[in-house]
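# Overview (structure and organization)
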Amino acid sequence: MSAEGNTRHSEKMARIKAARDRMMQDKTGEKGLVIVHTGKGKGKSSSGFGMILRCIAHDMPCAVVQFIKGAWDTGERRLLTGHFGDLCQFHAMGEGFTWETQDRDRDIAAARAGWDKAQELIRDPRIRMVLLDEINIALRYGYLQVGEVLDFLQREKPPMTHVVLTGRNADPALIEAADLVTEMEAVKHPFRAGIKAQPGVEF
C-alpha cells in the first residue's frame with residue numbers, strides 16, 4: 001500500500017476507534033445474563049461449552065445440566081469431569097433423544113430431574129454460570145413448562161449468575177425474556193451427504 005493509502009487507512013481507523021470509545025463510555029453495567037442459543041444450525045451446545053471453558057479459565061465456578069444427551073459419551077463430558085471437576089459440576093440427566101427412548105413418561109421424569117438439579121445449581125450464588133444443554137427440546141415437547149422456567153429465572157436466579165439455554169425451537173416467550181439470543185443458521189451440513197456424527201465435531 002502507498003504512503004497515501006496508509007495515511008487514509010490510519011485516519012479511518014482513528015475515526016472508528018473514536019466512535020467505539022464514545023459508544024463504550026456508558027457501557028459499564030454488569031449483570032447475570034439469560035442467554036439462548038437456538039436455531040437449526042450446528043453450534044448451539046458447542047457455543048455453550050465454549051462459555052463454560054471461559055468461566056473455567058477465569059476460575060469461575062460453573063455447572064452443566066444435559067437434558068437430552070446424557071447417555072452419550074461426549075468429549076465435553078470427558079474433558080470437564082476428567083480435568084475441571086473442581087470448577088465445573090457436570091450432570092448428565094437425559095437418556096437420549098425422544099425417538100430413542102420412545103417412552104414419554106420416562107422422558108418427562110428425566111427432564112423433571114434435570115430441571116430440579118438445574119434449580120439447585122442456579123440458586124447457589126457461588127456458581128457463576130449454569131449451562132442447560134438442550135433444555136429447549138424438553139420445553140418444545142412439553143416435558144417442562146416454559147412458564148415455570150421463566151418464573152424461576154425471574155424470581156430466583158441470583159443477580160450475577162449467567163444461565164445459558166440451548167436447543168432448537170426456543171419458545172418465543174423465552175426469546176423475549178432473554179438478554180442475549182443467538183440463532184444458528186443451517187447453511188450446509190455433512191449429514192445430508194451421508195456423513196455420520198463424528199467425535200470432535202458432533203460430540
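In this report, we go over the structure that sits alongside the text. Computed from a predicted structure; not experimentally measured. (Residues numbered from 1 in each chain as written. Predicted model: local features only at pLDDT ≥ 70, side-chain atom pairs only at ≥ 80, totals over all residues. Heavy atoms only, no water.)

## Section: the overall build of the protein
Looking only at helices and strands, the protein features 8 helices and 6 strands. Going from the N terminus to the C terminus, the protein shows its helices and strands as α-β-α-β-α-β-α-α-β-α-α-β-α-β. Principal-axis analysis of the C-alpha atoms places the extent of the protein at approximately 70 × 45 × 35 Å. Here the protein holds 203 residues, and 40% of them are scored as buried. If you sum the accessible surface of the protein, you get close to 12,200 Å²; carbon and sulfur atoms cover 52% of it. With 29 positive and 28 negative side-chain charges, the protein shows a spacing of 6 Å between the two charge centroids. (Helix = DSSP H or I, 4+ residues; strand = E, 2+ residues; numbered from the N terminus. Buried < 20%, exposed > 50% of the residue type's maximum accessible area, 1.4 Å probe, protein only. Areas by Shrake-Rupley, 256 points an atom, 1.4 Å probe, with all protein chains shown as cover. Lys, Arg positive; Asp, Glu negative; His and termini not counted. Charge placed at Lys NZ, Arg CZ, Asp CG, Glu CD.)

## A word on unusual backbone geometry
Backbone geometry follows two general trends: most residues other than glycine have a negative phi, and most peptide bonds adopt the trans configuration. Here Glu134, not a glycine, exhibits a phi torsion of approximately 65 degrees, which is positive. The phi dihedral of Asn169 is positive, around 55 degrees, even though this residue is not glycine. Mapped onto the elements, Asn169 comes out in the loop between strand 5 (162-166) and helix 8 (172-177).

## Structural notes on the sheet that holds strand 4 (residues 129-133)
The 6 strands are arranged 3-2-4-5-1-6 in an open sheet whose pairing can be described as parallel. With one partner strand each, in any of the chains shown, strand 3 (88-92) and strand 6 (180-183) form the two edges of the open sheet. Pairs of neighbouring strands in the sheet enclose a mean axial angle of 10 degrees, with direction left out of account. By the bridge criterion, 4 bridges tie strand 1 (residues 34-38) to strand 6 in an arrangement that is parallel. From the neighbouring strand, His37 faces strand 6, where its bridge partner is Thr182. Against the sheet, helix 3 (residues 75-83) engages strand 2 (62-66) and strand 3, with an angle of about 140 degrees to strand 3. (Pairing = 2+ DSSP bridges. Axes fitted to C-alpha atoms, helices over the stretch in contact; angles between N-to-C directions. Contact = heavy atoms within 4.5 Å.)

## Comments concerning the pattern of salt bridges
Under the criterion given, the structure shown has 8 salt bridges. Asp116 serves as the salt-bridge partner of Arg112, at 3.7 Å between the closest nitrogen and oxygen. You can see Arg112 and its partner Asp116 sitting in helix 5 (residues 104-123), 4 residues apart, about one turn around the helix. Overall, Arg112 belongs to the partly exposed group, its relative accessible area being 30%. When its relative accessible area of 40% is taken as the criterion, Asp116 is described as partly exposed. Close ionic contact of Lys117 with Glu120 constitutes a salt bridge, the shortest N to O distance being 3.3 Å. Residue Lys117 and its partner Glu120 are both found in helix 5; the two are separated by 3 residues, about one turn of the helix. Judged by relative accessible area, which is 46%, Glu120 ranks as partly exposed. (Salt bridge = Lys/Arg side-chain N within 4 Å of Asp/Glu carboxyl O.)

## Some details on the side chain of His162
Here His162 lies in strand 5. In this view, His162 contacts Lys31, Gly32, Leu33, Arg128, Met129 and Val130; residues no more than four positions away in its chain are not counted.

## Considerations on the pairing of strand 1
Counting buried residues in strand 1 gives 5 out of 5 residues, a clear majority hidden from the surface. On strand 1, burial covers both faces: Val34, Val36 and Thr38 on one face and Ile35 and His37 on the other are all buried. In the sheet, strand 1 pairs with strand 5 via 4 bridges, with the strands oriented parallel. Pairing of Val34 across the sheet is with Val163, part of strand 5.

## Overview of the nonpolar core
Phe67, Trp115, Leu132, Ile135, Leu144 and Leu165 are the most contacted members of the largest nonpolar core, which totals 30 residues. Among the secondary structure elements, those contributing two or more residues to this core are strand 1, strand 2, helix 5, strand 4, helix 6 (135-140), helix 7 (146-156) and strand 5. Filtering out sequence-adjacent residues up to four positions away, Trp115 remains in contact with Phe67, Leu132, Ile135, Leu144, Glu148, Val149 and Phe152. Counting 16 residues, the second-largest nonpolar core is a separate cluster that includes Cys62, Val64, Cys88 and Phe90. (Core = buried A, V, L, I, M, F, W, Y, C linked by side-chain atoms within 4.5 Å.)

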